[in-house]
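One letter stands for each residue in the lines below.
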Amino acid sequence: MENCIFCKIINKEVPSTIVYEDEKVIAFNDVNPAAPIHILVVPKKHVEKVLDLKDEEMEIVAHIYKVINKIAKDQGFAEKGFRVITNCGKDSGQEVMHLHFHILAGKTLGPKIVG
Ligand code: AMP
């Protein structure tokens, strides 16, 4: 998708620190981390947000959770714990309109999910 920053990262037109990649997804460090570990897991197919996922695209979500577990184990924070967040639409504060899953880890995260 033209003018989509995450599509540009997927196409390697914009640099990022990639921590995992396969044919369906890419994962890279968030440029403005909210925790010591802040990774974004992004489907390569451009889908704007959760609400736009078609039935036949739901398998990508299962795959993304497999990748999240793999990253957590590979990077050694699986047992300590982590948080996964996906924003959807205006009220959530979604800034990048390309579906993505935040992984936050590396410290004891606060009890509040909503700021
Ligand atoms: P959201 O508010 O859920 O849309 O989150 C978008 C996230 O993308 C934010 O945490 C940004 O810091 C992050 N972000 C935006 N541009 C880039 C980029 N070029 N590389 C890495 N992360 C980015």
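A few points on the structure. Counting starts from 1 at the beginning of each chain's written sequence and moves along it residue by residue. Selection of residues for local features in this predicted model requires a pLDDT of at least 70, selection of side-chain atom pairs for listing and counting requires 80 or more, and totals for whole chains, interfaces and linings are taken over all residues. Each side-chain value is worked out from all heavy atoms of the structure, with water and hydrogens disregarded.

Attention shifts here to the overall build of the protein chain. Starting at the N terminus, helices and strands are each numbered in turn, a helix being any DSSP run of H or I of at least four residues and a strand any DSSP run of E of at least two. Looking only at helices and strands, one finds two helices and five strands in the protein chain. Secondary structure of the protein chain in N-to-C order comes out as α-β-β-β-α-β-β. By the compact-globule yardstick of 13 Å for 115 residues, the protein chain fits well, its C-alpha radius of gyration being 14 Å. Its C-alpha atoms give the protein chain principal-axis dimensions of roughly 35 × 30 × 30 Å. Accessibility here uses a 1.4 Å probe with only protein chains present; expressed as a share of the type maximum, an area under 20% marks a residue as buried, one over 50% as exposed, and anything in between as partly exposed. Across the 115 residues that make up the protein chain, the buried fraction comes to 37%. When checking whether two residues touch, look at their non-hydrogen atoms; a contact exists if any pair is within 4.5 Å. A sequence separation of at least 24 residues applies to 54% of the contacts in the protein chain between residues at least 6 apart. By element, 52% of the accessible surface of the protein chain is carried by carbon and sulfur atoms, the whole surface being about 7200 Å². By the counting scheme adopted, Arg and Lys are positive, Glu and Asp are negative, and His together with the chain ends is not counted. Working definition for charges: the position is that of NZ of Lys, CZ of Arg, CG of Asp or CD of Glu. Between the averaged position of the 15 positive side-chain charges in the protein chain and that of its 16 negative side-chain charges there is a distance of 6 Å. All radius of gyration figures rest on C-alpha atoms, and the globule criterion is 2.2 Å times the number of residues raised to 0.38. Working definition of accessibility: Shrake-Rupley area with a 1.4 Å probe, residue cover restricted to the visible protein chains.

Moving on, we get to the site of the ligand. Think of it this way: one heavy atom of a residue within 4 Å of a molecule or strand is enough to make that residue near it. Near the ligand, the surroundings consist of 16 residues, among which Asp30, Asn87, Glu95, His100 and His102 are the closest. Here a polar contact is recorded for every N or O atom pair within 3.5 Å, except that within protein the pair must consist of a potential hydrogen donor and a potential acceptor, and residues adjacent in sequence are included only if both atoms are side-chain atoms. A distance of 2.8 Å separates an oxygen atom of the ligand from a polar atom in the side chain of His100. The pocket and cavity definitions rest on a 1 Å grid over protein atoms only: a 1.4 Å probe that fits but cannot leave marks a cavity, an open set with protein on both sides within 12 Å along at least five of seven lines marks a pocket, and residues lining either have an atom within 4 Å of a point. Cavities and pockets are treated as containing a molecule whenever more than half of the molecule's atoms lie within 2 Å of their grid points. If you map the ligand onto the pockets, it falls in the largest pocket. Of all elements in the fold, only helix 1 (5-10) and strand 2 (25-29) reach the threshold of two or more residues within the shell around the ligand. The element that contributes the greatest number of residues to the shell around the ligand is helix 1, accounting for three residues. Think of it as three bins: nonpolar holds Ala, Val, Leu, Ile, Met, Phe, Trp, Tyr, Cys and Pro, charged holds Asp, Glu, Lys and Arg, and polar takes everything else, Gly as well. Grouping the amino acids of the shell around the ligand by side-chain chemistry returns seven nonpolar, seven polar and two charged.

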